[in-house]
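Residues per chain are reported as follows:
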Amino acid sequence: MPPPPPTFAGLSPLPFSVILASTSPRRSEILTTMGLSFTTLPPPFDEATIRHTKLSTPPSSYVSTSALAKARSVLPLLPACASPRLVLGSDTVVALAGAVLEKPTATKEAKAMLKSLSGREHRVHTGVCLLLVGAGGKAEERVFSEETKVTFSELSAADVDAYVASGDGMDKAGGYGAQSLGGQFVERIEGDYWNVVGLPMNRVSREIGRIAEGMH
């Protein structure tokens, strides 16, 4: 007997409020596109405290660890509440031949990232933590990651210079935005497009739906 079809979070009322532990405008846009009502709470977590682990752990593990830490960091900030809440923490990185590329910190680094991606396939990893906080304060955690393969066309030096000068990719992992000007460089995507933007919409919706179903 085949398993029942998944429940998608944005298509029915949820038995909990949703809190996005992120300052990313892309993640807010994705949740809004899903039809979810949510509040945003910036996580007081310094990613630099785990950055050294990206050299010793797979990218999928790195983003999962970061997502979990972000979700947990907002728990002390939540006011007392009698109703359940679902905290969503997330992190996205680009991996090229095993090396993790995060957000560029300077123009020179942004140009180097784009040149390294030119004409090659890379992988985008997004980690997600869904942390359900009950009325008594007890938290249940669900952590997962998604991977999407992205192939760039060959980029000229003029392409790289013009794109970096636009500033479009300076606040994005890998130094580009697939949903904006940087989308012109993308030749092929294998997997969830929204995962490249910052949150795997399909997986997140199904996982939230499963959590909601389990509470009925």
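Here we summarise the structure given alongside this text. Keep in mind that what you see is a predicted model, and the values were worked out from it rather than measured.

## A word on the pattern of salt bridges
A complete count under the given rule lists 13 salt bridges for this structure. In this structure, Arg26 and Asp171 form a salt bridge, with 3.0 Å as the shortest nitrogen-oxygen distance. Of this pair, Arg26 sits in helix H1 (residues 25–33) while Asp171 sits in the loop between helix H4 (157–166) and strand S7 (186–190), and the two are 145 residues apart along the sequence. According to the relative accessible area criterion, Arg26 is buried, its value standing at 12%. Accessibility expressed as a relative area gives 34% for Asp171, which makes it partly exposed. Glu187 is the salt-bridge partner of Arg188, the closest N and O atoms lying 3.9 Å from each other. One network of salt bridges, with partners in common, ties together Arg142, Glu146, Arg203, Glu207 and Arg210.

## Comments concerning H1
Among the residues of H1, those classed as buried are Arg26, Arg27, Ser28, Ile30 and Leu31. Buried residues along H1 sit in contact with strand S1 (17–21), strand S2 (39–40), strand S3 (85–96), helix H5 (193–197) and helix H6 (201–214). Where H1 starts, the residue carrying a side-chain oxygen 3.3 Å from the main-chain nitrogen of Arg26 turns out to be Ser24. Of the residues trailing H1, Gly35 is marked for its positive phi of about 90°.

## Quick word on the layout of surface pockets
For the largest pocket, the calculated volume is near 500 Å³. Ser24, Arg26, Arg27, Lys103 and Asp171 are, among the 29 residues lining the largest pocket, the residues nearest its centre. When residues of the lining of the largest pocket are traced back to their parent elements, those giving at least two are H1, S3 and H5. The element best represented in the lining of the largest pocket is S3, accounting for 5 residues. Here the residues of the lining of the largest pocket sort into 12 nonpolar, 8 polar and 9 charged.

## Side note on the packing of aromatic side chains
Counting across every chain of the model gives 4 aromatic pairs. Between Phe152 and Tyr176 the ring centres are 4.8 Å apart and the planes differ by 70°, which places this aromatic pair in the edge-to-face class. Placement of Phe152 in strand S6 (residues 139–152) and of Tyr176 in the loop between H4 and S7 is noted, with a sequence separation of 24 residues between them. According to the relative accessible area criterion, Phe152 is buried, its value standing at 1%. Pairing Tyr163 with Phe185 gives two aromatic rings, centres 5.2 Å apart and planes at 75°, and the pair type is edge-to-face. Taken together, the positions of Tyr163 in helix H4 and Phe185 in the loop between H4 and S7 put the pair 22 residues apart, joining distant regions of the chain. Of the two residues, Tyr163 and Phe185, both sit in the buried class. Among the aromatic side chains, those forming a connected cluster through ring pairs are Phe152, Tyr163, Tyr176 and Phe185.

## What to know about the side chain of Ser66
By the element assignment, Ser66 lies in helix H2 (residues 59–73). The residues touching Ser66, leaving out its near neighbours within four places in the chain, are Phe45, Glu47, Ile50 and Asp91.

Cut-offs used in this document
Residues numbered from 1 in each chain as written. Predicted model: local features only at pLDDT ≥ 70, side-chain atom pairs only at ≥ 80, totals over all residues. Heavy atoms only, no water. Salt bridge = Lys/Arg side-chain N within 4 Å of Asp/Glu carboxyl O. Helix = DSSP H or I, 4+ residues; strand = E, 2+ residues; numbered from the N terminus. Buried < 20%, exposed > 50% of the residue type's maximum accessible area, 1.4 Å probe, protein only. Contact = heavy atoms within 4.5 Å. Polar contact = N/O pair within 3.5 Å; in protein donor to acceptor, adjacent residues only side chain to side chain. 1 Å grid on protein atoms, 1.4 Å probe; cavity = no way out; pocket = protein on both sides within 12 Å on 5 of 7 lines; lining within 4 Å. Points joined across faces, edges and corners; volume = space filled by probe spheres on them. Nonpolar A, V, L, I, M, F, W, Y, C, P; charged D, E, K, R; others polar. Phe/Tyr/Trp six-rings, centres within 6.5 Å; stacked < 30°, edge-to-face > 60°.

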